[in-house]
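Listed below, chain by chain, are the residues.
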Amino acid sequence: MIDRIQFVALAVSIVLLLAVLELVRRRKLTEEYSFLWILSSLALLALSIRREILHATAAWLGVYYPPILLVMLLILMVFVASLCFSVIVARQREQIDRFIEDTAILAAEIRDLRAQRLPPPVESWKAGAGKRGA
């Protein structure tokens, strides 16, 4: 018999898994980032279905109150997610710096090419205005 709290935990874990899969399907969340969320929701689903796993793990770790193990698992997941996102942010920051440098180099090359081939834009505009007025 499933009691109320187990039913709620099961429903929440299924909703979380479905939400992550839907975000991946709509390309709002890439597969690279969704792995952690799918793994977390599957762990929650397993613990929701089989409470014996939670009790056995708590006994093995020497935790006297099994629900505290869920809090410890939650803290661990937050730390892992934070570490993963920090690595991603650092990698993207390096890419942004490279793009800024490349853009500055290209802008300098464009300025050099324009300076070699075209007259200054103000002088050409004045020359064109003088011909029309005559």
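Figured I'd write up the structure that's included with this text. Owing to the predicted nature of the structure, the values given are computational and were not obtained by experimental measurement.

### Notes on the overall build of the chain
Okay, step 1: A tally of helices and strands in the chain yields five helices and zero strands.
Okay, step 2: Secondary structure of the chain in N-to-C order comes out as α-α-α-α-α.
Okay, step 3: A buried classification covers 15% of the 134 residues belonging to the chain.
Okay, step 4: Of the contacts made within the chain by residues no fewer than 6 positions apart, 52% connect residues no fewer than 24 positions apart.

### Things to note about the environment of Y65
Okay, step 1: By the secondary structure assignment, Y65 is in the loop between α3 (51-61) and α4 (66-117).
Okay, step 2: A relative accessible area of 54% places Y65 in the exposed class.

### Quick look at a nonpolar patch on the surface
Okay, step 1: Judged by side-chain polarity, W60, L61, Y65, I68, V71, M72, I75 and F79 come together as a nonpolar surface patch covering roughly 910 Å² of accessible area.
Okay, step 2: Those elements that provide at least two residues to the nonpolar patch are α3 and α4.
Okay, step 3: Examining the composition of the nonpolar patch, we find that five residues originate from one element, α4, more than from any other.
Okay, step 4: Within the fold, W60 resides in helix α3.

### A short note on the pattern of salt bridges
Pairs may arise between side chains of opposite charge once their charged atoms sit close together.
Okay, step 1: Under the criterion given, the structure shown has four salt bridges.
Okay, step 2: The closest approach of N and O atoms between R25 and E22, which form a salt bridge, is 2.6 Å. With a gap of three residues between them, R25 and E22 both fall in helix α1 (residues 4-25), about one helical turn apart.
Okay, step 3: Judged by relative accessible area, which is 58%, R25 ranks as exposed.
Okay, step 4: On the basis of relative accessible area, E22 is assigned to the partly exposed category, the value being 27%.
Okay, step 5: In this structure, R93 and D97 form a salt bridge, with 3.3 Å as the shortest nitrogen-oxygen distance.

### Considering the packing of α3 against α4
Okay, step 1: Packing of α3 against α4 brings their axes to within 9 Å, and their N-to-C directions diverge by 85 degrees. It follows that α3 is roughly perpendicular to α4 by the angle criterion. Contacts from L54, H55, T57, A58 and L61 in α3 reach P66, L69 and L70 in α4.
Okay, step 2: Broken down by class, the residue content of the contact of α3 with α4 amounts to six nonpolar, two polar and no charged.

### Focus on the nonpolar core
Okay, step 1: Grouped together as the largest cluster of nonpolar side chains are five residues: L47, L54, A58, V63 and L69.
Okay, step 2: With sequence-adjacent residues up to four places away left out, L54 is seen in contact with L47, P66, L69 and L70.

### A few points about the packing of α1 against helix α2 (residues 31-49)
Okay, step 1: The contact between α1 and α2 brings their axes to 9 Å, and the two run at 160 degrees. By the angle between their axes, α1 is roughly antiparallel relative to α2. In the crossing of α1 with α2, the sense of the turn from one axis to the other is left-handed. Contact residues: α1 offers Q6, A9, L10, S13, I14, L16, L17, V20, L21 and V24, while α2 offers E31, S34, W37, I38, S41, L42, L44, L45, S48 and I49.
Okay, step 2: For the contact of α1 with α2, the per-class residue count stands at 14 nonpolar, five polar and one charged.

Analysis parameters
- Residues numbered from 1 in each chain as written.
- Predicted model: local features only at pLDDT ≥ 70, side-chain atom pairs only at ≥ 80, totals over all residues.
- Heavy atoms only, no water.
- Helix = DSSP H or I, 4+ residues; strand = E, 2+ residues; numbered from the N terminus.
- Buried < 20%, exposed > 50% of the residue type's maximum accessible area, 1.4 Å probe, protein only.
- Contact = heavy atoms within 4.5 Å.
- Patch = residues over 30% accessible without salt bridge, like charges linked within 9 Å, V, L, I, M, F, W, Y side chains within 5 Å.
- Areas by Shrake-Rupley, 256 points an atom, 1.4 Å probe, with all protein chains shown as cover.
- Salt bridge = Lys/Arg side-chain N within 4 Å of Asp/Glu carboxyl O.
- Axes fitted to C-alpha atoms, helices over the stretch in contact; angles between N-to-C directions.
- Parallel < 35°, antiparallel > 145°, perpendicular 65-115°, else oblique.
- Nonpolar A, V, L, I, M, F, W, Y, C, P; charged D, E, K, R; others polar.
- Core = buried A, V, L, I, M, F, W, Y, C linked by side-chain atoms within 4.5 Å.
- Left-handed = near helix turned anticlockwise from the far one by under 90°.

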